[in-house]
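Each chain is listed here by its residues.
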Amino acid sequence: MTASPPSLKIRMKVNGDSYESEIDPRMNLADYLREELALTATHVGCEHGVCGICNVLVDGRTVRSCLMLAAQADGREIRTVEGLAEGGKLHPIQEAFIEEHGLQCGFCTGGFMMAICEMLERNPSPSEEEIKDVVGGQICRCTGYNSILRAVNSAVSKMSASRP
Amino acid sequence: MAIEIPKSLAELPTTEPRFVGRGMRRVEDAALLTGRVQFIDDLVLPRMLHAAILRSPLAHGRITNVDTSRAEALDGVVAVVTGEDARRWSYPAQSSPDGWGVHCIAGDKVHFVGEPVAAVAASNRRVAEDALELIEVEYDALEPVADPFEAMKSDSPRVLDAQESNVMMDRTFTWGDVDGAFSQAPHVFREKFRWNRLGANPTETFGCISQWDPMALDLTIHGSIQSPGMFGLGRSASFGLPSNKVNIISQPHGGSFGGKGGTRGCDISCLLSRKAAGRPVKWIEDRGEYLLSGGSQAWDRHYDVSLAVDANGIVTGLKVILVDDLGATGEGYGAISAAKPLAAFTGPYTIPVAQYDLKLVATNKLPCGPYRGMGPPPHFFVLEQMMDIAARTLGEDPAEFRRKNFIPADQFPYTIPSGNEYDSGNYDEVLNQVLALADYEALRADQVRARAEGRLVGIGVASAIEPGVFDWNAYAIVGMPGTGVPEGATVSIDVLGMATVRVGFSLEGQGQYTLVSQLVADYFGYEPEAVRVVQLDTQSAPPSFGPGGSRLGVAITGAVLGACVRIREKMSRVVAVLMQTEPENIELMDGKFLLKGAPGAEMTVAEVAGTMLARSDLLPPDIDPRPEATHVWTAPGRTPADEEGRAKSYLTAAHAVHIVQVEIDRDTGMVEIQRYCLADDCGTRLNPDTVEGQTEGSVVQGIGAALLEEYVYDADAQPLCTSFMDYLLPTVFDAPKIEMVAVVTPSPFTPLGAKGCGEGAMHTTPAAVMCAINDALAPLGTAAREVPASPNRIWKLLDDARGGAHSSSA
Amino acid sequence: MKSAPFEYAAPTTLGDALEILGQNDPDDVKLMAGGQSLMPLLNMRLARPELVLDLGRIPDLDSIRETPSGVAIGAMTTKRTVEESELIRSQHPLFWESTVAIGHPPIRNRGTVGGSMAQADPASEYPAAAIALDAELVAVSAAGERVIAAEDFFVTYLTTSLEPGEILTEVRIPRCAPGTGWSFHEVARRHGDFAIVGAVATLRIEAGVVVDPRLVIFGAADRAIRIREAEAEVAGQPAEEEVFARAAARIAQAVEDPLSDVHASEEYRRHLAQVLGGRAFRGAAERATHEGPGV
């Protein structure tokens, strides 16, 4: 094959920083974040949208980054795990996960945290059913999920406590 | 010099342990949660290439031609390897039973769907996969064999040309007068069971970056690796390299559960690196590859089990016939998985004689690999159901039936017929605790009411032993050399008194670095955050196996405390010199070295370390001035296996009893778990949060095994479960609230009295869930004997019990 | 699992999209809606288009608007938007219920109404709801607009009656008659999975008898299917258990070529269709009698 591969210019904001790149159009958002921007806290578990480990926030909405083309993120605002802690201070969701032992190997945890972030930013008092619906879209192989539910409940208290 | 490692928490040099035996915030967590931990795919090396592997679409066939020329010409492709390169530069896998190993890339024959037939290294993974499509491979299809019973027949297609049959091993172990016990027993029960393939599926698949040095002729491999030492020895064997020419750096990794696999892919990345003149080659196994051809599948078993019971309901004999389909080559240590049940063959019971008729068979399916429990979980699945069959037939309550067959608390250490020794236990107490937790009587009363309403409610009581802290000795029966399994740690204290611990394994999720911090903190009076845990690569680390076989908590405790004891002895000698007394007058307590009987005469650990390092002029010349020591811990008292495989193999025996309540929807066959209670005893709990986490995680994996997870193959050995749409992992909706109570019967043989507990509930949960399902089905006169107990399977049983005239045929 | 190479276009108007379609061999182009079905196929190289035509930048296609007869949902409206729409939740509860049964929040954040309809997965909830509700699907091409009844839209496994060059732009859902009861049931291996089998029913009860019953079964065959035999059994009859049981008994035979896969055999699917069909009728009857007008 001698033709030059197709390429696309895209620009987006990730965790508040602006990026501009030229990419292979088939590159998905997960690979773009990891390979082009070296933001590797977004992990990849299955590449077909089932495990939920690759979740990022796109304009405030949880999205499976393996099921979105980088091109589709052009012009959008992305938030990843790297953007949760600010100024060396852990996000309340991260604190909650530590306190409630909501992680063991930690590989899947980012996916949970981003989905929980969307939920709590939109609805600070989710019902048990709503929490389960969000947690239910993610796979964890280590914890058995009960400690993750405890972590979410703890995050709910922490985030409502910090509200005026 | 023999050193005395503390055998209980009371023996630690503290007034009271502040950390060991308690939960705490894990030292690993902040870095994990902020993405600052480097998993293998996060690592980028200069001039790194990316590999992709072409895999056989056939289960069985001869390769007649491989043409890689178009792939080699693709822009961005740097190296291509085939079976020819594998034969030229590598050896067959050593992890198979003797004579069954094959090269990492198929040469003249493919043996299972997904077997590598070629591989490419290119500038990125997308291009590498493009290149795979340009490789032309021609096959002559051969008839595959998918069923192990067919495979055992003399006219079956032969999986491996080098072998005369498909039977890798056919051996019967007889422990005691089994024939006598069965012929004399007033009750003999016999049943067949089917355990279908399932496997680890950690959320992170295998990955590695391999670097061949063409000048030094050595290999450096970074990877997502559970047991770096063993992995390194495997690579040495693959490439015929001296053991000191392979260096493994294991990255923190996303779980393993035994089933990380990756040996073929790693060997292939090494070949590619060699072909690419030493450039590092990264291979990340994608999920499709993992499910199809990774370390993903285990326990493809057909059981035929008999139980002999006397007139008083005491079990007098156990016979297990197992046909274990190890797949094409058994290269995932499948033989060990079949042999491990010897370590706990008769479970928690006093069954005096037993027999194990074991056939390991090859078929044209993926070679089976390890999974959590490494063999016993299906064994207990069948044993516990046999106990229920006996109890139900004899009209006895399953909990009491088990109780009267339990090994009594005063008989430990107890040697079971298959040779292993259980260190300690109080099985009666564990049963009592869970019966109380579950309010068993109330559950049974509720069940009576529910049954009167026509509901299918079942209660299962199951008990199993978790062998912990393994040795290789018993596996001599499947051709493994009988070496020990050491774990080493180096503890050093610097000039300001800060501690660093060097270990040989990486993060996997079990909180071992936190445990290490807790141990050193309590030993020397630190806060755990003042202890730094550093992982070394295999060329620098003390001997290390890492996690596996429920060993690391105990083993690393032994290693770390052993090193601490050695440092304490050195420091005591230093303090003695400085205080002008004898070392036996010096005591360490709560971080201070004290002169006995002289209050106020003391030095802190930091002061002693500072003196040793900065003022060695004050020390006599025969004292090693480094406040540092390495200790390697190996399980004591292991014995070689005799001709019937009997050996003291696993040092500890943890015990659990689970009580599960399920309800089955008559119309759909769906099983709902309504209540989950368990009591478990793993000796001293070094970190209760960790134990609880392992328990909860393994219960849910066990539920996955019982209800959801299965790798299905068709009659032509074509795999049908190739994505997460087909292979179903449990989600939060499948996880019940788990009620737990702990019993503590310390081990007399281990550091701090702890027992191995990492494989956990995998031993008991599938059995408990199945026993509950069968308790629900019992009034209908039917039983489920195959896992997973999918809705389709359960519905079929219900329908057949109704006479097979299911309403859909009206 | 990385996609084969492709060109990518994301036009901002429907006209531009149609033009691009016209310029290419239809076999070479894949329309991308939310991507939740297409991206896995691309990643696994099961779909290998030369061009991916992304409809996600066409603002007109993302809309929910009330119409005199019901609601019109733009094809690129995400399921999340539908989920969060008070209009849909209150006026079209069956469609709303079908929406939240789909997958999980991140999937619904990207997955679209039109994408699901065009994907025509036999186990998908949307086609069944569309048929039960007598929805209409609007397809636009260079030749103009075509309105397709839901029952004519879903042809077979992953196949609709959309022609090459057509783009689905809107799904129109009529309001149910006052007093309509509805019910939605499915059995899946895990919560949120594609259904093994599902059933959707609507009916009214007037003067003590069932009027205008609808029963649609999905997941059992190559597409969502209306079980007219079962509907005929309940029409004009009292809303009683006996009647529903008779109707359910007609379902198994009506499922001609049941699917079979690793999760469920043909006979199990037939059986589930029967069970869930009965449950759906019962549930619809309960809602019809207890919920008053304007459902």
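It should be emphasised that the depicted structure is a prediction, and the values quoted were computed from it without experimental measurement.

A.B. asks: Break down the packing of helix α7 (residues 228-239) of chain B against helix α8 (residues 263-275) of chain B for me, with residues and values.
C.D. replies: All names here are of chain B. Remark: α7 packs on α8, axes separated minimally by 11 Å, with the N-to-C direction vectors making an angle of 55 degrees. On the basis of their axis angle, the class for α7 and α8 is oblique. Judged by the sense of rotation from one axis to the other, the crossing of α7 with α8 is right-handed. Contacts between α7 and α8 pair F231, R235, S238 and F239 from the former with T263, C266, D267, C270 and L271 from the latter.

A.B. asks: Any chance you could break down a negative patch on the surface for me, citing the residues and the numbers?
C.D. replies: A contiguous patch of negative charge on the surface is contributed by E229, E256, D257 and E266 of chain C. Assignment of secondary structure puts E256 of chain C in the loop between α12 (251-254) and α13 (266-290).

A.B. asks: Describe the interface of chain B and chain C, listing the residues and the values that go with them.
C.D. replies: Interfaces are often sized by the accessible area lost when the parts come together. Taken residue by residue, the interface counts 35 residues in chain B and 30 residues in chain C. Roughly 2,700 Å² of surface becomes buried between chain B and chain C when both sides are summed, with 55% attributable to carbon and sulfur atoms. Seen at the junction of chain B and chain C, the total is seven salt bridges. Here E267 of chain C makes a salt bridge to K796 of chain B, at a shortest N to O gap of 3.6 Å. Linking chain B with chain C are 15 residue pairs in polar contact (both at pLDDT 80 or more), by the criterion used here.

A.B. asks: An account of the environment of A717 of chain B is requested, with residue identities and associated values reported.
C.D. replies: Residues and elements named next belong to chain B. Tracing the backbone through its elements, the reader meets A717 in the loop between α18 (688-708) and β28 (738-743). Exposure remark for A717: the relative accessible area of 0% places this residue in the buried category. As for A717 and P144, which are separated by 573 residues in sequence, their C-alpha atoms are 6.6 Å apart.

A.B. asks: Describe in detail the side chain of K260 of chain B, supporting the description with residues and values.
C.D. replies: All names here are of chain B. Within the secondary structure, K260 sits in the loop between β11 (246-250) and α8. A polar contact of 2.7 Å, which involves the side chain of K260, links it to the backbone oxygen of E204. Looking at K260, its side chain comes within polar contact range of the main-chain oxygen of G255, at 2.8 Å. Filtering out sequence-adjacent residues up to four positions away, K260 remains in contact with P202, E204, T205, F206, S224, H253, G254, G255, E285, Y290 and G295.

A.B. asks: So, the domain arrangement of chain A: which residues are in play, and what are the values?
C.D. replies: All names here are of chain A. Once the domains are mapped, chain A shows domain 1 (8-83) and domain 2 (92-162). Its C-alpha centre places domain 1 at a distance of 21 Å from the equivalent point of domain 2. With 16 residues of domain 1 at the contact, the number on the domain 2 side is 16 residues. Of the charged contacts in the structure, one is a salt bridge between R61 and E118, with a shortest N-O distance of 3.1 Å. Scanning the region where domain 1 abuts domain 2 turns up ten residue pairs in polar contact (both at pLDDT 80 or more). Mapped by element, the contributors of at least two residues to the side of domain 1 that touches domain 2 are β3 (55-58) and β4 (61-64). Tallied by class, residues from the side of domain 1 that touches domain 2 come to seven nonpolar, six polar and three charged.

A.B. asks: An account of the packing of aromatic side chains is needed here, citing residue identities and associated values.
C.D. replies: Any aromatic ring pair is given by two values, namely how distant the centres are and how the planes are angled relative to each other. Throughout the structure, instances matching the rule amount to 29 aromatic pairs over all chains. Between the aromatic rings of F406 of chain B and Y427 of chain B, the centroid separation amounts to 5.7 Å while the plane-to-plane angle is 75 degrees, which identifies the pairing as edge-to-face. Here F406 of chain B, found in the loop between α12 (398-405) and β16 (414-415), pairs with Y427 of chain B, found in helix α13 (residues 427-438); they are 21 residues apart in sequence, far enough to count as distant. A centroid spacing of 5.4 Å and a plane angle of 75 degrees characterise the contact between F412 of chain B and Y427 of chain B, whose relative ring orientation is edge-to-face. Here F412 of chain B is found in the loop between α12 and β16, whereas its partner Y427 of chain B is found in helix α13, with 15 residues between them in sequence. There is no split in this pair, since F412 of chain B and Y427 of chain B are both buried. The rings of F193, W195, W299, Y371 and F381 of chain B are connected pair by pair, giving a single aromatic cluster. Cation over ring: R88 of chain B sits above W89 of chain B, and NZ or CZ is 4.8 Å from the ring centre. Its end group placed over the ring of W182 of chain C, R287 of chain C keeps NZ or CZ at 3.6 Å from the ring centre.

A.B. asks: Help me get a handle on the pairing of strand β10 (residues 218-223) of chain B, residues and values and all.
C.D. replies: All names here are of chain B. Taken together, the six bridges between strand β9 (residues 207-213) and β10 define a ladder with antiparallel strand orientation. When the bridges of β10 are listed, D213 appears paired with D218. Count of turn residues in the β9/β10 antiparallel hairpin: four residues, of which L217 carries a positive phi of about 55 degrees. Pairing analysis gives five bridges linking β10 to β11, with the strands arranged parallel. Each bridged residue has a counterpart across the sheet, and for L219 the counterpart in β11 is V246.

A.B. asks: Tell me what's going on with the state of the cysteines, and back it up with residues and numbers.
C.D. replies: For the structure on display, the rule yields zero disulfides over all chains. With no disulfide of its own, C117 of chain A lies closest to C54 of chain A among cysteine sulfurs, the gap being 16 Å. Residue C117 of chain A is classed as buried on the basis of its relative accessible area, which comes to 0%. C270 of chain B forms no disulfide, and the closest cysteine sulfur to it belongs to C266 of chain B, at a distance of 4.4 Å. For C270 of chain B, a relative accessible area of 3% gives the class buried.

A.B. asks: Report on the pattern of salt bridges, specifying residues and quantitative values.
C.D. replies: Residue and element names in this part refer to chain B. For the coordinates displayed, the defined rule picks out 103 salt bridges over all chains. Between R197 and D300 there is a salt bridge whose closest N-O contact spans 2.6 Å. Residue R197 is found in the loop between β8 (187-195) and β9, and its partner D300 is found in the loop between α9 (287-293) and β13 (301-309); the two are separated by 103 residues along the sequence. Exposure remark for D300: the relative accessible area of 2% places this residue in the buried category. Across the salt bridge formed by D428 and R403, the nearest N and O atoms sit 2.9 Å from each other. Linking D428 in helix α13 with R403 in helix α12, this pair joins segments that are 25 residues apart in sequence.

A.B. asks: Give a detailed account of the sheet that holds β4 of chain A, specifying residues and quantitative values.
C.D. replies: Residue and element names in this part refer to chain A. The strand order across the open sheet built from five strands is β2-β1-β5-β3-β4, with neighbouring strands paired in mixed fashion. Both outer strands of the open sheet, β2 (17-23) and β4, are each paired with one neighbouring strand and no more. Neighbour-to-neighbour, the strand axes of this sheet turn through a mean angle of 40 degrees, independent of strand direction. The sheet contact formed by strand β1 (residues 8-14) and β2 spans seven bridges and is antiparallel. Among the inter-strand pairings, I10 is bridged to a residue of β2, identified as S21.

A.B. asks: How would you summarise helix α14 (residues 440-452) of chain B if you had to cite specific residues and measurements?
C.D. replies: All names here are of chain B. Given a rise of 1.5 Å per residue, 13 residues ought to cover 18 Å, and the 19 Å separating the end C-alpha atoms of α14 matches this to within 8%. Here α14 has its buried residues at Y440, L443, R444, Q447 and A450. All buried residues of α14 project into a common sector of 120 degrees when viewed along the axis, lining one side. Facing away from the buried side of α14 by more than 90 degrees, the exposed set consists of E441, V448, R449 and A452. For α14, the elements touching its buried residues are α12, α13, β18 (456-468), β26 (652-664), β27 (671-681) and α19 (765-777). G454 lies just past α14 and shows a positive phi near 85 degrees.

A.B. asks: Quick rundown of the interface of chain A and chain B? Include the residues and the values.
C.D. replies: Listed by partner, the interface residues are 50 residues for chain A and 54 residues for chain B. Interface area for chain A against chain B, summed over the two sides, is near 4,000 Å², with a carbon-plus-sulfur share of 58%. Remark: the boundary between chain A and chain B carries nine salt bridges. One salt bridge connects D130 of chain B with R26 of chain A, and the closest N-O pair in it is separated by 2.6 Å. Where the side of chain A that touches chain B is concerned, the elements lending two or more residues are α1 (29-36), α2 (92-99), α3 (109-122), α4 (128-135) and α5 (146-161) of chain A. Top contributing element to the side of chain A that touches chain B by residue count: α2 of chain A, with five residues.

A.B. asks: Mind laying out the sheet that holds strand β6 (residues 136-141) of chain C, listing which residues take part and the relevant values?
C.D. replies: All names here are of chain C. Sheet architecture is open: five strands sit in the order β4-β5-β10-β6-β7, paired in antiparallel fashion. The open sheet has two edge strands with one neighbour each: β4 (64-66) and β7 (144-149). Neighbour-to-neighbour, the strand axes of this sheet turn through a mean angle of 20 degrees, independent of strand direction. Here β6 runs beside β7; their pairing, made up of six bridges, is antiparallel. Residue pairing for β7: A139 is matched across the bridge by R146. Contacts between helix α1 (residues 14-23) and the sheet are confined to β6 and β10 (167-174), with β10 contributing the most and set at about 130 degrees to the helix.

Analysis parameters
Residues numbered from 1 in each chain as written. Chains lettered and ligands numbered in written order. Predicted model: local features only at pLDDT ≥ 70, side-chain atom pairs only at ≥ 80, totals over all residues. Heavy atoms only, no water. Axes fitted to C-alpha atoms, helices over the stretch in contact; angles between N-to-C directions. Helix = DSSP H or I, 4+ residues; strand = E, 2+ residues; numbered from the N terminus. Parallel < 35°, antiparallel > 145°, perpendicular 65-115°, else oblique. Left-handed = near helix turned anticlockwise from the far one by under 90°. Contact = heavy atoms within 4.5 Å. Patch = residues over 30% accessible without salt bridge, like charges linked within 9 Å, V, L, I, M, F, W, Y side chains within 5 Å. Areas by Shrake-Rupley, 256 points an atom, 1.4 Å probe, with all protein chains shown as cover. Salt bridge = Lys/Arg side-chain N within 4 Å of Asp/Glu carboxyl O. Lys, Arg positive; Asp, Glu negative; His and termini not counted. Charge placed at Lys NZ, Arg CZ, Asp CG, Glu CD. Buried area = accessible area lost by both parts, 1.4 Å probe. Polar contact = N/O pair within 3.5 Å; in protein donor to acceptor, adjacent residues only side chain to side chain. Buried < 20%, exposed > 50% of the residue type's maximum accessible area, 1.4 Å probe, protein only. Domains from an automatic or database assignment. Nonpolar A, V, L, I, M, F, W, Y, C, P; charged D, E, K, R; others polar. Phe/Tyr/Trp six-rings, centres within 6.5 Å; stacked < 30°, edge-to-face > 60°. Lys NZ or Arg CZ within 6 Å of the ring centre and 35° of its normal. Pairing = 2+ DSSP bridges. Disulfide = S-S within 2.5 Å. Expected span 1.5 Å × (residues − 1). Arc of directions from axis to C-beta.

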